[in-house]
Amino acid sequence: MGFFEKLKQGLSKTAKTTTARLGGLFASFTGANEEFYEELEETLILADVGAAAAADAVDALREAARRNGYRSGEDIKNALADILTERISSGEADSAAVRLGTMPSVILVVGVNGVGKTTSIGKLAAMYKSQGKRVLLAAGDTFRAAAAEQLSIWAQRADAEIIMHGEGADPASVVFDGCRAAKARGCDILICDTAGRLHNKSNLMSELAKIGRVIDRELPDADRETLLVLDATTGQNGLLQAKSFKDTAEITGIILTKLDGTAKGGIAVAIASELGVPVKLVGVGEGIDDLIPFDPRTFAEALLQ
Ligand SMILES: Nc1nc2c(ncn2[C@@H]2O[C@H](COP(=O)(O)OP(=O)(O)O)[C@@H](O)[C@H]2O)c(=O)[nH]1
Ligand SMILES: [Mg+2]
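Residues numbered from 1 in each chain as written. Chains lettered and ligands numbered in written order. Predicted model: local features only at pLDDT ≥ 70, side-chain atom pairs only at ≥ 80, totals over all residues. Heavy atoms only, no water.

**Remarks on the overall build of the protein**
Defined as follows: Secondary structure elements are defined from DSSP: runs of H or I of at least 4 residues count as helices, runs of E of at least 2 residues count as strands, and each element is numbered from the N terminus. Each radius of gyration reported is based on C-alpha atoms, and the globular scaling rule is 2.2 Å times the count of residues to the power 0.38. Only protein chains enter the accessibility calculation, which uses a 1.4 Å probe; a residue whose area is less than 20% of its type maximum is buried, one above 50% is exposed, and one in between is partly exposed. Any two residues having at least one pair of non-hydrogen atoms within 4.5 Å are treated as being in contact. Values of accessible area rely on a 1.4 Å probe in the Shrake-Rupley scheme; residue burial ignores everything except the protein chains shown.
For the protein, the count of helices and strands is 12 helices and 8 strands. The C-alpha atoms of the protein give 21 Å as radius of gyration, which agrees with the globular expectation for 305 residues (19 Å, within 12%). Evaluated residue by residue, the protein yields a buried proportion of 53% over its 305 residues. Counted over contacts in the protein with a minimum sequence separation of 6, partners at least 24 positions apart contribute 77%. Entry remark: accessible area of the protein is about 12900 Å², with carbon and sulfur atoms responsible for 49%.

The structure is reproduced here in structure tokens:
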């Protein structure tokens, strides 16, 4: 299955509500009228696009329609796809790419409990292995006993290597060993798992900062991505989480998981346009192949399919 098909399937819950409603709305379009724009804005908000982003997109659409005199539903749909694509793309070209130019390069995966960090790491490992890369995982979630075990099962599935210490070990020392091993073994990519919860939030943030300093010291020249994992089913709450992580960690991209579990796939638009951090990957299921690179145009088209 191609990425577009997978994404469409992943967005099928969104499609059943939002897209069905949009389809009827576009079909009824015969020319600009205020009622059409109001209903469109409301539908986008229901899909979790976010009030500000929805109002902004509809304003841009109204303006484009005035300029170009759209008469058909197809015209207005294409114009909306263009506008959403632009809103989702956060500025620079190719911003959705995961940058892994050096050997090794590092991906640090952060986010609150249960959002899908460990699962996404397993999927990422499989993706890079299938591209012929040597992948090492560092089990930096030492807070829960089961966490390293879960990661090691994914390592087996993906045929990746893993560094793990015991429960309660210092996460920064796991990452330290990961950095050393990645260099010594000639790995292409080191992917570090982290805990989503410690005894309190400031503990977690200072832990992440400490891990960051270890990587700075051990692999100063390595390309590094710090990917924040957000669960699409938590909607606007995810945006709040993102804001608090952004304050401490230098987040370079978002992995948006569980798009298959929500009718509110529009949250990707809200995240990209409100945070100014690019969505880089999306999770559309629990299987090893259910992580796909994010492409703004494809996403906008799948949302309006
Ligand atoms: N449906 C669905 N479930 C997912 C996705 N990503 C993760 N999950 C599930 O979310 C749950 C928590 O995932 P986990 O990786 O343990 O989260 P962590 O605490 O952030 O490491 C697990 O049951 C995963 O199977 C996704 O894209 N779609
Ligand atoms: Mg985990």
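**With respect to the site of ligand 1**
Definition in use: Here a residue is considered near a molecule or strand provided that any single heavy atom belonging to it is located within 4 Å of it. Think of a polar contact as two N or O atoms within 3.5 Å of one another; within protein, one of them needs to be a possible hydrogen donor and the other a possible acceptor, and neighboring residues in sequence only count if both atoms come from side chains. Only protein atoms enter the 1 Å grid used here, on which a cavity is any set of points holding a 1.4 Å probe that cannot leave and a pocket is any open set flanked by protein within 12 Å on both sides along at least five of seven lines; residues with an atom within 4 Å of a point are listed as lining. Throughout, a molecule is located in a cavity or pocket provided that more than half of its atoms lie within 2 Å of its grid points. Residue classes follow a fixed rule: Ala, Val, Leu, Ile, Met, Phe, Trp, Tyr, Cys and Pro count as nonpolar, while Asp, Glu, Lys and Arg count as charged, and any other residue, Gly among them, counts as polar.
Within the structure, ligand 1 sits among 16 residues, and Gly114, Lys117, Thr119, Asp260 and Glu286 are positioned closest to it. Within the contact set of ligand 1, an oxygen atom lies 3.0 Å away from a backbone nitrogen or oxygen of glycine 116. Contact between ligand 1 and threonine 119: an oxygen atom at 2.6 Å from a side-chain N or O atom of the residue. The pocket occupied by ligand 1, as judged from atoms lying within 2 Å of grid points, is the largest pocket. Counting residues per element, the shell around ligand 1 draws most heavily on helix α6 (residues 117-130), at 4 residues. Of the residues in the shell around ligand 1, the class split is 3 nonpolar, 8 polar and 5 charged.

**What to know about the layout of surface pockets**
Basically, it comes down to this: Grid points are joined across faces, edges and corners, and a volume is the space filled by probe spheres set on the points.
Looking at the largest pocket, its volume works out to about 340 Å³. Together, 22 residues line the largest pocket, and Gly114, Val115, Gly116, Thr119 and Lys258 are the ones closest to its centre. Mapped onto the lining of the largest pocket, the elements with two or more residues apiece are α6 and β4 (189-194). Here the lining of the largest pocket takes 5 residues from α6, the largest share from any one element. A breakdown of the residues in the lining of the largest pocket according to their chemical character gives 1 nonpolar, 13 polar and 8 charged. Of the pockets and cavities examined, the second largest pocket occupies roughly 280 Å³. Looking at the lining of the second largest pocket, the elements that each hand over two or more residues are α9 (201-218) and β5 (224-231).

**A look at α6**
Note the threshold: One less than the number of residues in a helix, times 1.5 Å, gives the span that helix is expected to have.
Under the 1.5 Å per step criterion, the end-to-end length of α6 is 20 Å for 14 residues, consistent within 8% with the ideal 20 Å. Burial runs high along α6: 11 of the 14 residues are buried. Listed in full, the buried residues belonging to α6 are Lys117, Thr118, Ser120, Ile121, Gly122, Lys123, Leu124, Ala125, Ala126, Met127 and Tyr128.

**Digging into the packing of aromatic side chains**
Counted only if it meets this: Within 6.5 Å between ring centres, the rings of Phe, Tyr and Trp (the latter by its six-membered ring) count as paired, and their orientation is classed by plane angle as stacked under 30 degrees, edge-to-face over 60, tilted in between. Cation placement over rings: the criterion is NZ of Lys or CZ of Arg within 6 Å of the ring centroid and within 35° of the ring normal.
Under the defined criterion, the tally for this structure stands at 3 aromatic pairs. With a centroid separation of 5.2 Å and an interplanar angle of 50 degrees, the aromatic rings of phenylalanine 294 and phenylalanine 299 are classed as tilted. Of the two residues examined, phenylalanine 294 and phenylalanine 299, each falls in the buried class. Members of the aromatic cluster, joined through ring pairs, are Phe29, Phe36 and Tyr37. For arginine 62, the ring lying beneath its charged end belongs to tyrosine 37, and the centroid distance is 5.1 Å.

**Quick notes on the pattern of salt bridges**
Note the threshold: We define a salt bridge as a contact between a side-chain nitrogen of Lys or Arg and a carboxyl oxygen of Asp or Glu at a distance within 4 Å.
Under the counting rule described, the total for this entry stands at 21 salt bridges. Note that arginine 297 is salt-bridged to aspartate 82, the shortest N-O span being 2.9 Å. Of the two residues, arginine 297 is situated in helix α12 (residues 296-304) and aspartate 82 in helix α5 (residues 73-88); the sequence distance between them amounts to 215 residues. Given a relative accessible area of 39%, aspartate 82 falls into the partly exposed group. Put simply, arginine 185 and glutamate 161 hold a salt bridge, and the shortest N to O gap is 2.8 Å.

**What to know about α5**
Spanning 16 residues, α5 covers 22 Å between terminal C-alpha atoms, matching the ideal 22 Å at 1.5 Å per step. Here α5 has its buried residues at Gly73, Ile76, Ala79, Leu80, Ala81, Ile83, Leu84, Thr85, Arg87 and Ile88. On its buried face, α5 sits against α2 (12-27), α3 (34-46), α4 (51-68), α11 (267-275) and α12.

**Observations regarding the side chain of lysine 123**
The cut-off we apply is this: Counting rule for charge: Lys and Arg are taken as positive, Asp and Glu as negative, and neither His nor the chain ends is counted.
Residue placement: lysine 123 occurs in helix α6. Buried charged residue lysine 123 carries no salt bridge. Nearest counter-charge: aspartate 290, at 5.6 Å. The contacts of lysine 123, once residues within four sequence positions are left out, are Trp154, Gly283, Gly285, Glu286, Gly287, Ile288, Asp290 and Leu291.

**Observations regarding the pairing of β5**
Stated precisely, the cut-off is as follows: DSSP bridges decide pairing: two strands pair if at least two such bridges lie between them. Classification remark: right-handed applies to a crossover when, strands pointing away from the viewer, the course from the first strand over the helix to the second runs clockwise.
Across the 8 residues that make up β5, a large majority, 7, are buried. Relative to β5, strand β1 (residues 105-110) runs parallel, the two sharing 5 bridges. By the bridge assignment for β5, isoleucine 107 is matched with glutamate 225. Pairing of β5 with strand β6 (residues 253-257), which is carried by 5 bridges, proceeds in the parallel orientation. Considered in β6, the bridge of leucine 230 is made with leucine 256. With respect to chirality, the unit in which β5 leads through helix α10 (residues 236-248) into the neighbouring parallel β6 is right-handed.

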